[in-house]
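# Notes for the structure review
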Amino acid sequence: MALEHAILVSLLEKPGSGYELARRFERSIGYFWTATHQQIYRVLKRMEADGMLAVREVPQQGRPDKKEYSVAAPGRALLSAWLHEPIEPESMRHDLAVKIRGAAFDDPAALVREVQRHRAVHRDRLAHYLAGELRDFTGPDAPTPLDAGRELQHVVLRGGIAYERMTIAWLDDILATLHRLAAAPPAG
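Described below are features of the structure shown in this document. Position numbers for residues count from 1 along each chain, tracking the sequence in the order it is written. Per-residue local features of the predicted model are confined to residues with pLDDT of at least 70, and side-chain atom pairs are confined, for both listing and counting, to 80 or more; whole-chain, interface and lining totals are unaffected and use all residues. Values reported for side chains reflect all heavy atoms of the structure, with hydrogen atoms and water molecules removed beforehand.

### Notes on the overall build of the protein
A tally of regular secondary structure across the protein gives seven helices and two strands. Labels follow the DSSP assignment, with helices taken as runs of H or I lasting at least four residues and strands as runs of E lasting at least two, numbered in each case from the N terminus. Taken from N to C terminus, the helices and strands of the protein fall in the order α-α-α-β-β-α-α-α-α. For the radius of gyration, the atom set is restricted to C-alpha positions; the globular benchmark scales as 2.2 Å times the number of residues to the power 0.38. Relative to its length of 188 residues, the protein is extended, with a C-alpha radius of gyration of 22 Å against a globular reference of 16 Å. Structurally, the protein occupies a C-alpha span of about 75 × 40 × 40 Å along its principal axes. Here the protein holds 188 residues, and 30% of them are scored as buried. Any pair of residues with heavy atoms lying within 4.5 Å of one another is described as a contacting pair. Considering only residue pairs separated by 6 or more positions, the protein has 55% of its internal contacts joining residues 24 or more positions apart. In these tables, accessible area is a Shrake-Rupley quantity obtained with a 1.4 Å probe, and a residue counts as shielded only by the protein chains included in the view. Summed over its atoms, the accessible surface of the protein is roughly 12,800 Å², and 57% of this surface lies on carbon and sulfur atoms. Looking at charge distribution, the protein has the averaged site of its 25 positive side-chain charges lying 3 Å from that of its 25 negative ones. Here the term buried applies to any residue with accessible area under 20% of the maximum for its type, exposed to any over 50%, and partly exposed to those in between, with areas from a 1.4 Å probe on protein chains only. Working convention for charge: Lys and Arg count positive, Asp and Glu count negative, and His plus the chain ends are omitted. Throughout, a charge is located at the NZ atom of Lys, the CZ atom of Arg, the CG atom of Asp or the CD atom of Glu.

Here it is, written out as structure tokens:
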């Protein structure tokens, strides 16, 4: 996936300025596709020049006018073409998994702190996802009924929740294994 596709999806969900788009990448899209503010602004400028985006100047009180981007017909066509193309399934390339296998040739207990750090990151991300789900989809203040766009946002979020739960369970299994190996008498 190119950054262009992520930008098109985000702008179809809600038009916005470059700053607003960058904030969305920090909050939601960024968990699946990351980009720096500079990358986003550079791609927005190119997409505008290529006619994929429409831009309107929005006057602001006491500040310079801002550019609000929305998707133009060529951008919609690009996204539609991409949506109909097959993509390769994700690979299981995982640096931590290689480290864990490599620990057989060193001290497995030395990885405990690193695995705990990864677990804390995934625990925090899961908490963030669950709070977002409650706020936006399942809580008493969530809008109902959900339209197709919100339903699809929710199904992606549910996938993120399932992934984080699976990863935490896997990391717990790794920690239990590392602790068991550290407590075992040396082989030999």
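### Side note on the pattern of salt bridges
Two side chains bearing opposite charge may form a pair once their charged atoms approach each other closely. Salt-bridge detection follows one rule: a side-chain nitrogen of Lys or Arg within 4 Å of a carboxyl oxygen of Asp or Glu. For the structure shown, the criterion picks out nine salt bridges. Between Glu114 and Arg117 there is a salt bridge, with its nearest N and O atoms 2.7 Å apart. Of the two residues, Glu114 and Arg117 both sit in helix H6 (residues 112-138), three residues apart, roughly one turn of that helix. A relative accessible area of 46% means that Arg117 is categorised as partly exposed.

### Observations concerning the packing of helix H1 (residues 3-13) against helix H2 (residues 18-27)
Throughout, an axis means a line fitted to C-alpha atoms (over the contacting stretch in the case of helices), and angles, computed between N-to-C directions, take values from 0 to 180 degrees. Between H1 and H2, the least distance of the axes is 11 Å, while the angle of their chain directions is 105 degrees. With respect to H2, the element H1 is oriented roughly perpendicular. Judged by residue contacts, Leu3, Ala6, Ile7, Ser10 and Leu11 of H1 engage Leu21, Arg24 and Phe25 from H2. Orientation is classified from the angle alone, with under 35 degrees giving roughly parallel, over 145 giving roughly antiparallel, 65 to 115 giving roughly perpendicular, and any other angle giving oblique.

### Digging into the pairing of strand E2 (residues 63-71)
DSSP calls a pair of strands paired once it identifies at least 2 bridges connecting them. Pairing geometry for strand E1 (residues 53-60) and E2, over seven bridges, is antiparallel. Bridging across to E2, Leu53 finds its partner in Val71. Hairpin connection, E1 to E2: the antiparallel pair is bridged by two residues, and Gly62 has positive phi, about 75 degrees.

### Re unusual backbone geometry
For the bond running from Thr144 to Pro145, omega is -10 degrees, close enough to zero to count as cis. By the secondary structure assignment, Pro145 is in the loop between H6 and helix H7 (148-183).

### Re the nonpolar core
As used here, the term nonpolar core means buried Ala, Val, Leu, Ile, Met, Phe, Trp, Tyr and Cys residues forming a set that is joined through side-chain atoms within 4.5 Å. If you look at the biggest cluster of nonpolar residues, it comprises 20 residues, and the most contacted ones within it are Ile7, Leu11, Phe25, Ile40, Leu44 and Leu53. Only H1, H2, helix H3 (37-49), E2 and helix H4 (73-83) provide two or more residues apiece to this core. Of all the elements, H1 adds the most residues to this core, at five residues. Core analysis: the second largest hydrophobic core is formed by nine residues, Ala103, Val115, Ile174 and Leu178 among them.

### Concerning H1
Of all 11 residues in H1, eight are buried, a share of seventy percent or more. Within the span of H1, buried status applies to Leu3, Glu4, His5, Ala6, Ile7, Leu8, Ser10 and Leu11.

### Some remarks on the packing of H6 against H7
The contact between H6 and H7 brings their axes to 9 Å, and the two run at 155 degrees. Regarding the angle of H6 to H7, the classification is roughly antiparallel. Seen from above, H6 lies across H7 with left-handed handedness. All residues other than Ala, Val, Leu, Ile, Met, Phe, Trp, Tyr, Cys, Pro, Asp, Glu, Lys and Arg, Gly among them, are scored as polar; the first ten of these are nonpolar and the last four charged. Split by residue class, the contact of H6 with H7 holds 14 nonpolar, 10 polar and 10 charged. Handedness of a helix crossing follows the sense of rotation of the near helix relative to the far helix, less than a right angle counterclockwise being left-handed and clockwise being right-handed.

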